[in-house]
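For reference, the chains in residue letters:
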Amino acid sequence: MIGILTAGGDCPGLNAVIRGVVYRAHQAGRPCIGIRDGWKGLMENITVALDRDSVDDIMGLGGTILGTSRKDPYVHGDGIASIMPTIEDHGIEQVVVIGGEGTLASALKLFDEGLPVIGVPKTIDNDIAATDVTFGFHTAVQIATDAIDRLTTTAESHNRVILVEVMGRHAGWIAAYAGMASGADAVLVPEVPYDLDELVDLLARRHERGKNYSIVVVAEGAALPSDLDGPTLQRDAYGFERLGGISNILAPAIEARSGFETRVTVLGHVQRGGTPTAYDRILATRFGVAAADLAITNQTGLMVALRGDSIVPVSLEEACSRVRQLDPDIYRVVETFFG
Ligand code: F6P
């Protein structure tokens, strides 16, 4: 029996991965079982039957048919002991864990304690090491680019500066890619320090050359200048910090220093919702089939990854070794178009 779970924030393409695992496992005569709401389902024995019929029509569906949560066997339980009753109850031989950095870190710990796991890298933030890209990222970039295109015309009509805040907790991939695709006038990312006065000068120079509007893309994880107080961060039910809103602090400071009317749009969860792009459906499907192949051959402690055009297994250890931050070469290209 192959168990499948999706944990952490949802992400377009999760269902395509589930479908890929179930179909490939079926070909090899291996049954699958769905685990509800991430690790929570393993800790509380909440499962759902999964066969080809139940995953037939889910390719283009956003979210995850298995549900997700941030409940964690190490934060909210006692590691492998808190999930073993469910594993034994259903005769689960391998668990395909579809998750981001936190989920994969717990998968690695469970593997070290003896659980046969296979990881699939999931996050719109694209910040997982050892893979060239994660599924969901492409969809998020497209959604953000569409939104910025729309915000650009209204910014121009009203002579405004608009700060568009996108997701990106530790890394500025979405901000950089969506900023590049939409021709943003500045992009703030966690990896690159910036000076607010220099940003204001840049906007002023742009307006001096006859452009009376500007778009600044802000990654939610970008640092605030030291002279501005940060937002009071709230935590969700699992203690996970809720980011979002840094632009609401930056905007009045930019308006005060530049004299330009400055507005904010925080894109938030719209970036994670809805149907995945064709690229993400394909990547997610390839990841799902490759993860099933590893389960069928009982190769565990691994994560499927995209390297160049190939899907390859990498160690979970490597995948969890660091956050994959924005490539400086990408930022240099984005920066070329500032101002
Ligand atoms: O999965 C990563 C992410 O999209 C981050 O960029 C963001 O900070 C976080 O999820 C928000 O998740 P939620 O609000 O669902 O807890």
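That block above? That's the structure.
From a predicted model like this one, the values you see are computed outputs, not experimental measurements.

Q: Lay out the packing of aromatic side chains with the relevant residues and their values.
A: Using the criterion set out here, one finds five aromatic pairs in the structure. Measuring from ring centre to ring centre gives 5.1 Å for Phe-137 and Tyr-177, while their planes differ by 70 degrees; the resulting arrangement is edge-to-face. With Phe-137 in helix α6 (residues 137-158) and Tyr-177 in helix α7 (residues 173-182), this pair connects stretches of sequence that are 40 residues apart. Classification of Phe-137 as buried rests on a relative accessible area of 5%. On the basis of an interplanar angle of 55 degrees and a centroid distance of 6.0 Å, the ring pair of Trp-173 and Tyr-177 is categorised as tilted. Here Trp-173 pairs with Tyr-177, and both are found in helix α7, just four residues apart, close to one helical turn. Owing to a relative accessible area of 32%, Tyr-177 belongs among the partly exposed residues under this scheme. A network of ring pairs unites the aromatic residues Phe-137, Trp-173 and Tyr-177 as a single cluster. In this structure, Lys-109 is placed above the aromatic ring of Tyr-74, and the distance from its NZ or CZ to the ring centre is 4.8 Å.

Q: Pulling in residues and values, what's your account of the pattern of salt bridges?
A: Under the definition given, this model contains 14 salt bridges. Ionic pairing is found between Glu-93 and Arg-30, a salt bridge with its closest N-O pair at 3.4 Å. Note that Glu-93 is positioned in the loop between α4 (84-90) and β4 (94-99) and Arg-30 in the loop between α1 (14-27) and β2 (32-35), a separation of 63 residues in sequence. According to the relative accessible area criterion, Glu-93 is partly exposed, its value standing at 41%. Residue Arg-30 is classed as buried on the basis of its relative accessible area of 17%. Put simply, Glu-44 and Lys-40 hold a salt bridge, and the shortest N to O gap is 3.7 Å. Of this pair, Glu-44 and Lys-40 both sit in helix α2 (residues 39-44), four residues apart, which is roughly one turn of that helix. When its relative accessible area of 36% is taken as the criterion, Glu-44 is described as partly exposed.

Q: Can you explain unusual backbone geometry? Please cite residues and give values.
A: Residues other than glycine seldom take positive phi values, yet Asp-37 does so here, at roughly 55 degrees. For Asp-37, the position within the fold is in the loop between β2 and α2. You can call Asp-37 buried: its relative accessible area is 18%. The phi dihedral of Ala-130 is positive, around 80 degrees, even though this residue is not glycine. Along the polypeptide, Ala-130 turns up in the loop between β5 (117-121) and α6.

Procedures and definitions
- Residues numbered from 1 in each chain as written.
- Predicted model: local features only at pLDDT ≥ 70, side-chain atom pairs only at ≥ 80, totals over all residues.
- Heavy atoms only, no water.
- Phe/Tyr/Trp six-rings, centres within 6.5 Å; stacked < 30°, edge-to-face > 60°.
- Helix = DSSP H or I, 4+ residues; strand = E, 2+ residues; numbered from the N terminus.
- Buried < 20%, exposed > 50% of the residue type's maximum accessible area, 1.4 Å probe, protein only.
- Lys NZ or Arg CZ within 6 Å of the ring centre and 35° of its normal.
- Salt bridge = Lys/Arg side-chain N within 4 Å of Asp/Glu carboxyl O.

Without other data, these values stay purely geometric and don't point to any function.
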